[in-house]
Structure formats: structure tokens, C-alpha cells
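# Structure assessment
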Amino acid sequence: MLKQNGADEQKAEFIQPHIYQPRYTGSITQSSSRESVIQSVTQDDISQEQNLRPFGYDLFASEPTTFAPATDIPVPQEYVIGPGDTFEVSLFGKVSAQYSLVVQRDGSINVPELGLIRVAGLEFSEARDVITNRIKNQKIGITTVVTMGELRSMRVFVLGDAWKPGSYTVSALSTISHAIMASGGVKESGSLRNIQLKRNGTLVTIFDLYDFLLEGDTSKDLKLLPGDAVFIPPVGSTVSVDGQVNRPAIYELNGESTLDEVIQLAGGLKATADKRYIQLQRIETGTQQSLLDIDTTQKNVLSTKIKDGDRLIAYSIVDHFEKVVTIKGHVKRERKYQWFRGMKMSDVLGDISIFKDQVDLKYVLVKRVKASNRSIEFHSVNLVPVILDSTAPENILLEPRDEIRILSLGENRAKQLLPITQELRYQANAFELPKLVEIQGAVTNPGVYPYVQGMKLSDIFETAKGYLRNEYEPYNLFGVIERIDPQTKNRSFNTFLPYRVLVNSDDIQLRSGDRVFFFNEEHIDYLSSADIHDVLNGQEPSSLNLKSDGLLVTKTLQEQTDALLAEDRSLSESFKESQGIVTQEQQTALSGLCRGLIELAEVVNSEGGSRIKRAIATQATAEQISLKNVMKCPSIYDSYPYLLPMLMEYVVAVQGESREPGLYPIAESVDAGFMIEAVGGITQDGDLQHVELASVKNQLASGQLFRQVNLQEESHQTYPGDILSVRPKITQVEKGVIKLSGEFVYPGVYSFKKGETLSQVVLRAGGLTKDAYPYGAVFTRESTRKLEQKAFKRAAEELNSALFTAIASGTFKSAGGADAIAMLQGLTKELEETEALGRIVVEADPSILEVRPELDIKLEVGDTIFIPKRTRTVSVVGQVLNPGTLLFDPELDSIDYLNQSGGYSESADEDRVFIVLPNGSARTLQASWWNYQSTNIPPGSTIIVPRDARPIDWLALTQSVTGIASQLAITAASLATISDN
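Quick caveat, the model's predicted, so the values are computed rather than measured.

## Focus: the sheet that holds strand β22 (residues 376–381)
With mixed pairing, the 5 strands of this open sheet are ordered in space as β20-β19-β23-β21-β22. The open sheet has two free edges, formed respectively by β20 (335–338) and β22, since each of these has just one partner strand. Here the average twist between neighbouring strands, direction ignored, is 25°.

Take a look at the structure:
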């Protein structure tokens, strides 16, 4: 290694560097990065200014960070010997020896047994001859081999615009380029073409790195001597050359003054360069720029003078063919065909073998450039007839520059056409809509498609591959075309009957910018959903799953309760839980409410809402629709919210004996019988001879709103807003069943006729078994159950309201407070969770009904009759010390059974003890110690001891609370009877 000579001297052995450290973070190589970019006459022809770098400086992109001495390279014959050089002398013959002889400061070497030999200043070949001759003359029979060993080092200076100017200790074999490398290279502000070598203040040579880089000429790369200075002056005049040249870069000028010389400096023009279009940008007078277009094919143009700061841009040949037809897309090879007059589709696409598998031959697009204004238009072609018969009318003539796009069956058509539709969007202007049509809804490939001249509704339907076939069937009675006026931008809607379009009986001409909607049964079923019913009746949508009276009411109650209970933290949390305050899930559902539903609510609440509400004018329709399940809003109503109110404006309500009762939109008047058949037909009990048609349109024409029509034999038109009610066939058999269970000879489900009584059905069921206990019959009815359930709900709401009033007034604080509230909360929760039974007290003993027919109840659809087995137990429940079931004993009365249950507890209300008899009836018992009256207790009875209501006497509904508790107890006793059997 070489020692450092001073603070500014840097260690350098550049001949054989081992590690290089990159200096530039950007791209250095210009040509490779631009080859893929410079393709056409666009901005891509011109490299970005910041990416065009000065030529040659990438030679110094990496600088050595560690060096190794050059010990294995040959020493040139002309190498001048100096102090510090080492000779390796080998002797062979009579005496064999090897010496390493270092040149001393006086310029000599000391050869053992021979003395000093002066070699300094001699070239290596001369010094070698001197040493060899000296040994040969003084030692006979000795052969001498002289080579160079370790060479001396020397100090040189690299100054000016070097990367790291300073003094460097380098090898004696170093040249100008080596010294520049050791200093890290040349800054971009330094010249590569005027590098000066100075020795003792005298200019020795000027080194032009361009000769080295462009021609490989090293003749001016002289070897350095100790003390030499390599000076790098500032860069001189420059010119930028960009575009279609072999080496785009910024070049320093050194004698080049013409356009031709600069182009050759950049490696010449590429084959793709347009020699007729070279642009010269020049700065004039330091304040302005000028532009000069140059056609290099003209005489003497290449001698155009170049000035400092000029920018030369060579553009590429325009990628443009006039008389060609291009095939792109789903073909084995995309290519161009030479156009000729009379050329047709079959001339380029007549062979099926050119297509890839899964090719879409029914929809082929021809992109055509109009010669008049260079705008583009499209034509669609069904290629199947063309391939089968070249004389088919689909085999259209092609024009120059036509581009034929072949699609794949394996991908969505609209997605494949996205680049084309985007191009058409850019072509539009303020007074002309894009030449596009859109189709959405229940089609296979919804999306945006190019508008084809003369396109009809059936064409776009076929373009989207028709209806999407999934679990939802298409709906053929309503479709919408949304149309925008290109001048006024006003939007209009045209409705149509899709089934007529499908049979080509009522096709419609489309325009640019039209948006077409097709629907399926999912979209239509939502019109009869619970959400729609709720919104039409001014209620919160059922999909929000709210409790209490609605979101707004509940929020108000929550705010008031929070304020009232702020001082009493112990009661606050339990009271909030009992009220069913709005949950986070409900708030999330509200924020995600369907946009179409919101718009429908706004229309209903407006003055024009009556045109929608008339579709559910009858209670029967509203009742049927309310039974529909809660549905998720179809995405089409969220994406296009204005559709939902529009469809509701055109609905016909179909009710009664229809297989699918609900609301169905129709685009225009249709035959009523066809309408009913299209939405599923009628049930087996439906009677087409007796259909009620309620029509506002007929009322305006004839003054008659309701008409009885015979759709089986007559044709009647129905219009949007009408109500079709299909009447049932007249029959004596009820439309439903009853259920007999328990101790019947033949229990099961039975149909029955109108007016049939319980005893008649029991007789049909084979009567009762010998173990039957008819006195304990449990008879339930659906209508009664609904009334009981509403009563439970109403009672829970009254309790909540009374509790809120008590909290607001502070009454609860002076009347037991927390215990009373906890009891009422438990009762409220039980009311909300208990399923009503709907039990009616009936006489079910056939022997009694035979002699007392007035007790024989007439049956209704949905009735259930349960006859238990004869039991021998009596139950005691409620506020006794040991509630349970006891063996029946005819000798015992109520006091005896209460005593067997441990007697009353402290919270018992002895004055309100009552008994639930096996048939479901109840009566009070005089069972207190001071008001006792013996009561006969039949087997299967339940004695109920209620809780004392005095802790909540402050509550205005004390009597109601007692009654509610009694009703819940009776329901529980009835359920126990059924479950025990």
C-alpha cells in the first residue's frame, strides 16, 4: 500500500479497483431507457428535460472506495526507471541466486559482488540491458533474467471541476484518465473535451474524453510524471439532442458547428426518425426562444449552424397507415391488412381458424374514422352469417383505416370495451353527448357500450347478452329508458314493455347517451317488501329493526331519561337497558339505508305522494304486503335512487287469490288476465270469473271506480295505479285447517266446513279416549292470540310510560325506589318476551255439549284443541314458601293446599289469591285467615298467590300491574298443562 502524503493527499490505486460505490441515483444509461418510450409523434418522442443528461459523465457513475496494488501487469519497455522502483534479478548457471534490488535515491542499484549500477532515467529496456551485460561480463557461465518488481509511487494533482480535487499518490504507470478516476471523475459543470495536462507550469497536452468514449482513441491519454497537474476547466458550449437519435444526451461542443456534425456526435439518426421533421429550439438574445423546423432531405440543410444552448429534437416517423384494415382482440395474431376497393368483412375474417377459443362472433365492432371531421363511429356486426355465407347482408364493405375489434366470450363485454368507450367519452362536447348507450339491471353484461347508428332497444339488449339467468326470473312488464336532451340537459323517462321488444313487435329507436333499465323479480318483489309498506305509511323501515315507537321517539326518550337519571347512577344503566335504547347496530343500519328508499320517503311526504299511495288504497292490500319478509334493498335502487319512486308510480296492486300478491309495475295498459298470469297466476281457489277491478282511469271516464269483471271470458285493460282483486271460489270448505292433539282417538290436522262446531269435529276424530280429561281442554285461536299479544305490548308501553313519569316527578325516591323499579323492569321484560297463547274457555265434554248445544263453539281456521290426560294433582305457585305440585285430595280445600306449600311468604298478597281451573277459567279465593271460605278444588287446578302490590302503590297503574301479573300467570298455567302432557 502507498502512504498518504499530507492532509489533502488521498490514497489511490485505480488500476485494479475492487469496490465501486454508485454516485448517481438516477438512470445513467440513456438509450436503453428511452428505446421503449420513443415510439410515436407524441410527448413520448421527447425525453423529459430532467431525464436528458450530459453525455459521458456516466463513465464516473461509480468511484473506487478501496484499491489493490498493480503487481501483475506487464511493465512497458519505455517505462522510465526512477528511485523506488524494484528490479527482480535471477541468476542461473554455475551460481543460482535471486535478488530484489531497489533503485536508490542516487539512481543506482547495488548488485551483490558487482557493485553499483546506475539505472535512473533509463527506460526499462535500457536498464535491463545494462544490468544483464554487466553481470555477463563479470561472471562467466551465468545466465541473467531481469524483471520489474514493485514499482514506485508518485504524487500528482487533479484540479478544477473534478469530483474531489486535490493531490493523489498514484502508481508510476498512471495516465491522465487514471488520475481523473482516482479523483472520482468530472463534475457535470466540468469539461470532458478540454482536460489539460500541465508539467512544471507548461501545457503538455489537451485530452478530449470524447475521443476516448466515441472512438476508443487513447493517444492523448499520456502517462503522468511526479508533480504533474491534471486541470479540468468548466464545460464549454453545449447542445441538447433528443428524440430519435442513437444517443440522446447533452453534448459539449469542441469544434462541431453544423447540424450534421451534432447529429453524428449523437450517433446519427435512428431508422425510425422522420428525416423531414427535425426541430431546432434556440434561445435568442437571452430573453426569447425561437423554433426552426428542418427537413434534412433538402440540400445544404445539414450545414445549418449550431449555437450554444440549442436543443435538437428528432421526431419519429408517424405510426399511421392510411390504406390498411386492422384486426385486434381475441385473435391468434393481431395484424394489419392492406385495404383494397370492395374489401369486405369476409376478406379478413372469413376463416374461423384465425380466432382464439371462446371467441364472441355475434358481436364484432368496427371502428371507423369519418373522413369529414376525423371523429370515430362504430358499427356492430354478427360475424356468424358472414363466415357461413359471404353473400350475407352482414358482410359489410370495409373502408381504409377501419379497426375491427374481436371480443372474448370468457370476459364481460362491457369491460372489454372500456378503452373504446373511454375514447368516445373524450370525443363528446358541451352540446353533443358521447356516442354511448348504457344498459343496467337484469342483463348478463350490464355496462356502457358504443352507440351504433340506427341502434334499437332490441340491439342493446342483444349486445348485453340478454337477461341474466340466475335465481331471479326476468320481469317483462316494465322497462325504462332514461334520456338526456343534449341541448337543455333535461332528463326524461320512457317506459316500455320488454316482452314486446323481445318478440320484435314494439322496438324503440335509441339515441346517444340513453340509459336502459331491465328488471327481474328481485327488483319487483322489493316493491312489496315490509320496508316499502312502512315508508308508504309514514313509518320507519322494518329493516332498521327498531324497538319502541320508532327511532325518533326512542332517541327523545333516551335524551330525557339520561338527563333525569344523571344524579342517580345506580338506576341509570338498568333503566336504559330496559327501554331498548337505539343500539349501535341500528344507527349503522340507518346510515346505510337504501338511497332509493330515502327518495321514495321524500316523494311520499311531498304533495305528489298521492299518486303512489293509491296503489295500496285498500286495507287488504296493505295487510298482504305487510306480511312480506324484510328484504335487502337491491343495489340498482341504491345506485339509481330515482327508479324506486318511478316504479311505485306505475304499480298495479294484485291481491286476493293470486299466487304472488303484491305491487307490480306496468309500462302501459295491458290485459288484466295477461297481467295476473304474468305475475304467477291464481291459486286453486281463485275465480277468474269474479275479479274486482278498481281503476281510477275508469272512474274518470265512467264515474265507476269498482267493477266486477269476468277475466276468463272477457278482456279488460288494467292501467298503472289499478287494483286487481281475485275473489275465491264459493265453497263450503274453509280455507284452512284446525289441529286436534292430546287424548283424541284420531288426533291430527282436519279441514272443516263453514259453521262446523267443536263437537262435530270431535265426533269425526273418533271421540275422546278413556283417559281424556275434557274439563282441562286447552282451546286456542289465532285471532285471540293476536289480541292478547297486542295487550301485552300495550301493557309494557304503559308500564314504561308510568315508570318514566314516576322518575321525572321523583315519586320513586320516596316509595321504595330501586326495589320497585327492579320489579317493574322484570315485569316489563316478561311482557315483551312472553308469547301470547290465545286460549278460550270452552266446553269440550261431548256428553255436556249434547244436552247443551249452545256451549258448542263454532270453529275458525287455525284453531287448536288439546285434550290432556286425567290428572291427580294440584299446583300451588307464586308467593308461598314452597311452591310446587301436590297430589289431589277431594277432602282438601285451598287452605289445606296452601298449608302443604308452607304458607304465605312475606311478599304475598293474601287478598288476591286466585285459582286457575283446568278449563282455563279463573276465580278468586277467600283464603286469608280472617276471610276464609271453603272452595272445591278440582284436579288439574293451579292456585296462584300474587305478589303484594303495595311497594308500588305510588304507581298510577297498580291495579293494571296486578291484572297483568294474573294474566301472565294464567298463560303460564295453560302452557304447563300442554307441556306436562
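## Examining the sheet that holds strand β39 (residues 839–840)
In spatial order, the strands read β37-β36-β40-β38-β39; together these 5 strands make up an open sheet with mixed pairing. Two strands bound the open sheet, and with one partner strand each, they are β37 (748–753) and β39. Sheet topology note: the strand β38 (residues 778–780)/strand β40 (residues 864–867) ladder contains 3 bridges and is antiparallel. Pairing of Thr780 across the sheet is with Thr864, part of β40.

## Comments concerning a negative patch on the surface
A surface patch of negative charge is lined by Glu797, Glu798, Glu830, Glu832 and Glu833. Turning to its location among the elements, Glu797 is positioned in helix α25 (residues 782–809).

## Concerning a nonpolar patch on the surface
A cluster of nonpolar side chains, contributed by Ile848, Val851 and Leu855, occupies part of the molecular surface with about 240 Å² of accessible area. Relative to the helices and strands, Ile848 is located in helix α27 (residues 846–851). Residue classification places Ile848 among the partly exposed positions, given a relative accessible area of 31%.

## A few points about the side chain of Glu692
Following the sequence through the fold, Glu692 ends up in strand β32 (residues 686–694). In this structure Glu692 comes out as buried when scored by relative accessible area, which is 17%. Polar contacts involving the side chain of Glu692 include one to the side chain of Gln708, which spans 3.4 Å. With near-sequence residues (within four places) excluded, Glu692 lies in contact with Phe706, Arg707, Gln708, Ile723, Leu724, Ser725 and Arg727.

## As for unusual backbone geometry
One non-glycine residue, Asn200, lies in positive phi territory at about 55°. Topologically, Asn200 is positioned in the loop between β11 (195–199) and β12 (202–207). Positive phi, normally seen in glycine, also occurs at Asn300, with a value near 65°. Secondary-structure assignment places Asn300 in the loop between β17 (288–294) and β18 (311–316).

## Thoughts on the nonpolar core
One finds Phe519, Tyr637 and Met675 to be the most contacted residues of the largest nonpolar core, which totals 50 residues. Here the element with the most residues in this core is helix α21 (residues 643–649); it accounts for 5 residues. If we ignore the near neighbours within four places in the chain, the residues touching Phe519 are Ala442, Tyr467, Pro474, Tyr475, Phe478, Gly479, Val480, Ile524, Ile636, Tyr637, Leu643 and Leu647. Within the second largest apolar cluster, 41 residues are counted, among which are Val158, Val241, Tyr251 and Ala266.

## Thoughts on the packing of aromatic side chains
Inspection of every chain in the model, using the stated rule, returns 18 aromatic pairs. Summarising the aromatic geometry, the rings of Tyr499 and Phe674 are spaced 5.0 Å apart at their centres and angled 45° between planes, so their arrangement reads as tilted. Of the two residues, Tyr499 sits in helix α11 (residues 498–502) while Phe674 sits in helix α22 (residues 672–678), which places them 175 residues apart along the sequence. Under the relative-accessibility criterion, Tyr499 is labelled partly exposed at 23%. A relative accessible area of 34% places Phe674 in the partly exposed class.

Here is what the cut-offs are and how they apply
- Residues numbered from 1 in each chain as written.
- Predicted model: local features only at pLDDT ≥ 70, side-chain atom pairs only at ≥ 80, totals over all residues.
- Heavy atoms only, no water.
- Pairing = 2+ DSSP bridges.
- Helix = DSSP H or I, 4+ residues; strand = E, 2+ residues; numbered from the N terminus.
- Axes fitted to C-alpha atoms, helices over the stretch in contact; angles between N-to-C directions.
- Patch = residues over 30% accessible without salt bridge, like charges linked within 9 Å, V, L, I, M, F, W, Y side chains within 5 Å.
- Areas by Shrake-Rupley, 256 points an atom, 1.4 Å probe, with all protein chains shown as cover.
- Salt bridge = Lys/Arg side-chain N within 4 Å of Asp/Glu carboxyl O.
- Lys, Arg positive; Asp, Glu negative; His and termini not counted.
- Charge placed at Lys NZ, Arg CZ, Asp CG, Glu CD.
- Buried < 20%, exposed > 50% of the residue type's maximum accessible area, 1.4 Å probe, protein only.
- Polar contact = N/O pair within 3.5 Å; in protein donor to acceptor, adjacent residues only side chain to side chain.
- Contact = heavy atoms within 4.5 Å.
- Core = buried A, V, L, I, M, F, W, Y, C linked by side-chain atoms within 4.5 Å.
- Phe/Tyr/Trp six-rings, centres within 6.5 Å; stacked < 30°, edge-to-face > 60°.

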